[in-house]
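# Structural features, examined
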Amino acid sequence: MNTIKILSVVALSSLAVACSKEKDTSTNDPSFSALSFSDLTVSEDFNWSSSINGNFTVVLDAPSNLYTENQPVELQDVDGNVLQTAVINGGQTSFSVSIPEQNTELFAYYPNTQDRVQINTNKSTTTLKIEEIDFEAGLGSSFFKSGTQVKKTSGNNLILEGDFENSSPQLDSRSFTKVRTAGAWYRYNSAGQIALRNGTNVFTSNTVGEDGRILQSVQIAGDQIYDLTYEYSGNAGFFILFMDNDQKYIGHTRVTLSSNGNASCTFLAAPNVRHIQLYGFAGSNEHLDNINMTQVPEVDSDGDNVIDRKDYYPNDPTRSYATFFPTVGRQILAFEDLWPYNGDNDFNDVVLSNHVEFARDASYNLVSASVKVQLNAMGAGLANGVGLQLLDNNKIPFSNNIISSIALKQGNTVSKLDASVLNGVLVVENLISALKPYYSNTGSGPRSAPQEFEFTIEFNSNAGSVTIIPDFYIFRTNERGREIHLPGFHGTEATDRTLFNTGDDVNGTYKNSKGLPWAIEVIYPYSLYFSHPLEKVDIVTAYPQFQGWASSNGMNNKKWMLYPTQGKIFVP
Ligand SMILES: [Ca+2]
Ligand SMILES: [Ca+2]
Ligand SMILES: [Ca+2]
Ligand SMILES: [Ca+2]
């Protein structure tokens, strides 16, 4: 039995990742002397986000003969779900993500060769190594130069003359200046021959100690699944190379063979593949015969030209793909609500848990956004509202109205478009009156299962394929212009900018003169509950490691929220 000879890329990559452990100096920090949140000394540019936020670059370390430019790379979760897709540009690509600090495994996947590597989330760059295919004798790396050497077959046939009963392979010139005829076999060394064995014609070698070699070019469709079956003896077998529409060598597949004498493999041709080169080899006491390749039919149930395997909404013809905010998990926002004045820093005046699913059509244009906002706590004495503005990838408002309408999900009677903010939604104008039943969930006052406000935003066609950052914020119900945002956001057009530089605010940065915010963000796994501090408990008291996290600009104590002071946090 012979399989394609590729070094184990997966094993090498796993080893590299296993060698890097996250830095965590949390437990016995000698400088630890938490007094209160207001005593913290922090870096001016600290973003107050407990998350991994930013760009991961994936550098492709590929053989020089492999054409990788403009080829797709997928960002996948541990289950292989595609979170984002990007293309190679200058040997690398990058993904913009927002993910929890803990329990998040991301992978970069290269469909053209089916190589996959875990992304090292502690580094900005991960290398995805693609091993050169080992072609044994006679086919050096020069054979697979990108460009025009390898001509495609015309026609749409799969393997023809796979039983060798009527074929007489012609010697391939190896000049590769001619288009190979559809369905024809070519020998590419003189040892290759058709010979009668056990009553049937087979492909074999006429030279002891040297493999005979043949090839057939087959035009196929990309992003489809194929079955290849054949009979063989000894170590005879096939290599399968993928070529794009310009005859560039863009990848190869890993073939796993089964059952002695009868081989079968199922492989996925990557999206850009337009034809394959099937290279067979057999020694003088070996053979290949009865080669058959068929496309495995795939269903597109809703007819949106995205097959069910890739369709996140397989029964919805208007929606094909989904992207998420955050990329993984959900966004916890914990607010102090006295801005522009400093508060008591228990960060439970409003605690939100947010998640957005952006639906896109087959061309990746935005169709809708399904928004979930959960109110975990409301320790405020004053009535606050929750707002949302959709911003571009640089946190800048869009110049056009990209929202056409919103539709409320069951149980939500309060969310509506915000007439005073372009691409804004008033999620809740008055939390106190919207809660049924009323609760605070701070240990002081009633408790209840968190209420969820869910709605769907429908986009105008001018939204295009952009990436959207949702800015969830709170505002004073009876004073609409008093908005409180996470640092890094700058207030909507409804913000009363005369409040900037009043009280403790500095320039509307939503930070005070010590760099301390009125809101913090925690990107959190769905499976875990973030416990906010109890009423009047300073967050530094509730979470002793918070100080080390904040004063190190988020470098240390990244998992501070896993080590609360018992009795100081709200437990649902
Ligand atoms: Ca035969
Ligand atoms: Ca579909
Ligand atoms: Ca669909
Ligand atoms: Ca407070």
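To keep things clear, this report deals only with the structure shown in the data block. (Residues numbered from 1 in each chain as written. Chains lettered and ligands numbered in written order. Predicted model: local features only at pLDDT ≥ 70, side-chain atom pairs only at ≥ 80, totals over all residues. Heavy atoms only, no water.)

When helices and strands are tallied, the chain shows four helices and 31 strands. Looking at the chain as a whole, 54% of its 572 residues are labelled buried. Partitioning the intrachain contacts of the chain with sequence separation of at least 6 by distance along the chain shows that 71% fall at a separation of at least 24. (Helix = DSSP H or I, 4+ residues; strand = E, 2+ residues; numbered from the N terminus. Buried < 20%, exposed > 50% of the residue type's maximum accessible area, 1.4 Å probe, protein only. Contact = heavy atoms within 4.5 Å.)

Taken together, D163 (O), E165 (OE), T200 (OG1), N201 (O), D289 (OD) and D289 (OD) make up the protein donors of the calcium ion (ligand 1), found 2.3 to 2.6 Å from the metal. Note that the calcium ion (ligand 1) binds six donor atoms; their angles at the metal cover 51 to 155 degrees, and the shape is irregular. Binding-site remark: the calcium ion (ligand 1) is held by donors from one chain whose sequence spacing is D-x1-E-x34-T-N-x87-D. Remark: T200 occurs in strand β12 (residues 200-205) and E165 occurs in the loop between β8 (125-129) and β9 (170-171); sequence separation between them is 35 residues. Residue classification places T200 among the partly exposed residues on the basis of a relative accessible area of 25%. (Donors = N, O, S within 2.8 Å, 3.2 Å for Na, K, Ca; no water. Tetrahedral: all angles 85-135°; square planar, octahedral: opposite > 155°, others 65-115°.)

Core analysis: the biggest nonpolar cluster contains 47 residues, and V371, L375, L388, V427, I457 and F459 have the highest contact counts within it. Here this core gets five residues from one element, more than from any other, and that element is strand β23 (residues 366-377). Counting 31 residues, the second-largest nonpolar core is a separate cluster that includes V58, A108, V117 and M243. (Core = buried A, V, L, I, M, F, W, Y, C linked by side-chain atoms within 4.5 Å.)

Pairing is antiparallel across the open sheet formed by five strands, whose spatial order is β26-β27-β24-β29-β30. The sheet terminates laterally at β26 (416-417) and β30 (479-484), the two strands that pair on one side only. For strand β24 (residues 384-391) and strand β29 (residues 469-476), the ladder comprises eight bridges, and the chain directions are antiparallel. Bridged to L391 within β29 is I469. (Pairing = 2+ DSSP bridges.)

A grouping of L338, Y341 and L382 is seen on the molecular surface, where their side chains present a nonpolar patch of about 270 Å² in accessible area. Summarising the element assignment, Y341 is placed in the loop between β21 (330-335) and β22 (350-360). For Y341, a relative accessible area of 44% translates into the label partly exposed. (Patch = residues over 30% accessible without salt bridge, like charges linked within 9 Å, V, L, I, M, F, W, Y side chains within 5 Å. Areas by Shrake-Rupley, 256 points an atom, 1.4 Å probe, with all protein chains shown as cover. Salt bridge = Lys/Arg side-chain N within 4 Å of Asp/Glu carboxyl O.)

Here we take up the sheet that holds strand β4 (residues 82-87). An order of β4-β3-β6-β7 is seen for the four strands of this open sheet, with the pairing classed as antiparallel. The open sheet has two edge strands, β4 and β7 (115-118), and neither has a second partner. Averaged over all pairs of adjacent strands, the angle between their axes in this sheet comes to 20 degrees, without regard to strand direction. Of the strand pairs in this sheet, strand β6 (residues 107-110) and β7 are connected by four bridges, and their pairing is antiparallel. Looking at the pairing, Y109 lines up with R116 of β7. (Axes fitted to C-alpha atoms, helices over the stretch in contact; angles between N-to-C directions.)

For the calcium ion (ligand 4), every protein donor is listed as E336 (OE), E336 (OE), D344 (OD), D346 (OD), D349 (OD) and D349 (OD), and the spread of their distances is 2.2 to 2.8 Å. Each of the six donor atoms around the calcium ion (ligand 4) contributes to a set of angles spanning 48 to 159 degrees, which defines the coordination as irregular. Accessibility expressed as a relative area gives 32% for D344, which makes it partly exposed.

Another aspect to go through is the packing of aromatic side chains. According to the stated counting rule, one finds 28 aromatic pairs in the structure shown. Counting every residue linked through ring pairs, the aromatic cluster contains F37, F46, W48, F347, Y524, F530, Y543, F546, W549 and W560. Over the aromatic face of Y67 sits the side chain of K248, whose NZ or CZ is 4.5 Å from the ring centroid. Directly above the ring of F475 sits R480, whose terminal nitrogen or CZ lies 4.5 Å from the centroid. (Phe/Tyr/Trp six-rings, centres within 6.5 Å; stacked < 30°, edge-to-face > 60°. Lys NZ or Arg CZ within 6 Å of the ring centre and 35° of its normal.)

A few words on the environment of D244. Checked against the element boundaries, D244 lands in the loop between β15 (237-243) and β16 (249-252). Since its relative accessible area comes to 8%, D244 is described here as buried. C-alpha separation for the pair D244 and G222, spaced 22 residues apart in sequence, amounts to 8.8 Å. When neighbours within four sequence positions are excluded, D244 is seen to be in contact with Y67, I250, N272, R274 and H275. At a separation of 2.8 Å, a polar atom in the side chain of D244 contacts the main-chain amide nitrogen of D246. (Polar contact = N/O pair within 3.5 Å; in protein donor to acceptor, adjacent residues only side chain to side chain.)

Now for the side chain of E336. Locating E336 in the fold gives a position in the loop between β21 and β22. Summary of buried charges: E336 has no salt-bridge partner, and the nearest side chain of opposite charge, K536, is 8.9 Å away. There is a polar contact of 3.3 Å between the side chain of E336 and the backbone nitrogen of D344. A polar side-chain atom of E336 sits 3.3 Å from the main-chain amide nitrogen of N345. When neighbours within four sequence positions are excluded, E336 is seen to be in contact with G343, D344, N345, D346, F347, N348, D349, I484 and W518. (Lys, Arg positive; Asp, Glu negative; His and termini not counted.)

Note that all results are geometric; they support no functional claim without further evidence.
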